[in-house]
Amino acid sequence: MIEYDKDAIVPPYITEYLREKTVHNDEFLHSLERYAEENSVPIVEPETARFLSVLCRAAKPKKILEIGCAIGYSAIIMAKAAGAECKIATLECNADMVRTARDNIKTAGYSEKISVIEADAKDYLSYIDDDEVFDIIFLDGPKAHYIYMLDECVRLLKKGGIIITDNVLYKGMTADDNHVVRRKITIVKRLRRYVDMLMENKELETAILPLGDGVTVSVKI
Ligand SMILES: C[S@@+](CC[C@H](N)C(=O)[O-])C[C@H]1O[C@@H](n2cnc3c(N)ncnc32)[C@H](O)[C@@H]1O
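Now for a look at the structure at hand. (Residues numbered from 1 in each chain as written. Predicted model: local features only at pLDDT ≥ 70, side-chain atom pairs only at ≥ 80, totals over all residues. Heavy atoms only, no water.)

**Observations regarding the overall build of the chain**
Step number 1: Per the secondary structure count, the chain includes eight helices and seven strands.
Step number 2: Principal axes of the C-alpha set define a box for the chain whose edges measure 45 × 40 × 35 Å.
Step number 3: Taking all 221 residues of the chain together, 47% fall into the buried category.
Step number 4: Looking at the chain alone, contacts between residues at least 24 apart form 68% of all its contacts between residues at least 6 apart.
Step number 5: About 11800 Å² of surface is accessible on the chain, with carbon and sulfur atoms providing 51% of the total.
Step number 6: When the 30 basic and 37 acidic side-chain charges of the chain are each reduced to a single mean position, those positions are 2 Å apart. (Helix = DSSP H or I, 4+ residues; strand = E, 2+ residues; numbered from the N terminus. Buried < 20%, exposed > 50% of the residue type's maximum accessible area, 1.4 Å probe, protein only. Contact = heavy atoms within 4.5 Å. Areas by Shrake-Rupley, 256 points an atom, 1.4 Å probe, with all protein chains shown as cover. Lys, Arg positive; Asp, Glu negative; His and termini not counted. Charge placed at Lys NZ, Arg CZ, Asp CG, Glu CD.)

**Digging into the side chain of Glu66**
Step number 1: Following the sequence through the fold, Glu66 ends up in strand E1 (residues 63–67).
Step number 2: No salt bridge is formed by the buried Glu66. Its closest oppositely charged neighbour is Lys143, at 10 Å.
Step number 3: A distance of 2.4 Å separates polar atoms of two side chains, one belonging to Glu66 and the other to Ser74.
Step number 4: With residues near it in sequence (within four places) discarded, Glu66 still touches Ser74, Ala75, Met78, Ala89, Thr90, Leu91 and Phe138. (Salt bridge = Lys/Arg side-chain N within 4 Å of Asp/Glu carboxyl O. Polar contact = N/O pair within 3.5 Å; in protein donor to acceptor, adjacent residues only side chain to side chain.)

**Some details on the site of the ligand**
Step number 1: Near the ligand there are 18 residues, and of these Gly68, Ser74, Glu92, Ala121 and Asp140 occur at the shortest range.
Step number 2: Within the contact set of the ligand, an oxygen atom lies 2.6 Å away from a side-chain nitrogen or oxygen of Glu92.
Step number 3: With respect to the ligand, the side chain of Asp120 contributes an N or O atom lying 3.0 Å from a nitrogen atom.
Step number 4: Protein chains shield 88% of the accessible area of the ligand, which is 600 Å² for the free molecule.
Step number 5: Across the shell around the ligand, the residue classes tally to ten nonpolar, four polar and four charged. (Near = heavy atom within 4 Å. Nonpolar A, V, L, I, M, F, W, Y, C, P; charged D, E, K, R; others polar.)

**Brief notes about the packing of aromatic side chains**
Step number 1: The full count for this structure, using the stated rule, is one aromatic pair.
Step number 2: Taking the ring centre of Phe134 as reference, the NZ or CZ of Lys63 above it sits at 5.1 Å. (Phe/Tyr/Trp six-rings, centres within 6.5 Å; stacked < 30°, edge-to-face > 60°. Lys NZ or Arg CZ within 6 Å of the ring centre and 35° of its normal.)

**Some remarks on the pairing of strand E5 (residues 157–166)**
Step number 1: Judged by how many residues are buried, E5 sits mostly within the fold: seven of ten residues are covered.
Step number 2: Pairing geometry for strand E4 (residues 134–139) and E5, over five bridges, is parallel. Residue pairing in the sheet places Leu139 in a bridge with Thr165 of E5.
Step number 3: The parallel pair E4 and E5 is bridged by helix H7 (residues 146–155), and the resulting crossover is right-handed.
Step number 4: Pairing geometry for E5 and strand E7 (residues 215–220), over five bridges, is antiparallel. The residue of E7 that forms the bridge with Ile162 is Val219. (Pairing = 2+ DSSP bridges. Right-handed = clockwise from strand over helix to strand, strands pointing away.)

Geometric descriptors of this kind do not, in isolation, establish any biological role.
What follows is the structure, given as structure tokens:
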């Protein structure tokens, strides 16, 4: 029986079913999942990991930008699913995480494909040139700062490219005041604003999925 977060947005019996159906047999990824659990490193939930993998296989991206690398788990999943020519740049501001991610990426055999960049994403995005356009941008970093990153992400996205954002429903708090925990009010307000910005952006069409902790998928039109 999986241990569930009591505030999860999806009922436990559905999550249990989804996880039973989306098991994988990659031993190295299992070891990273165990490491994340034991060291309280937040990584994408299994359903979200599978969703990322499927999107990468379908979109066949040549260039992916990830914001929030942690130990390299989601970057490795995307590298496995995207074609051999795909390059991934992943931003991470925590030096220990950067070291661990680089080690993990090397062990997984993806050092040529994935570059871990130690930087504060909020500052770094504005330094990336317009000609560095990406096919997929995965936002999984500082939730309260997504509102400051969206314009840069849209600028750096190819037409037809996709922005995927994780944790947008934030244990249901984004959707309903009754779920909001007091100390999370600022982050919740900013996530609500972020969702509004996505929905109002004329260059994007966005779907909000109640998957994992809530995921948006936005295509540049
Ligand atoms: C949810 S974790 C990323 C998990 C990873 N995408 C995965 O699923 O394997 C978020 C990461 O973003 C990093 N982070 C937070 N603020 C950041 C910022 N301003 N710039 C770059 N990285 C940041 C954190 O240090 C943390 O490792």
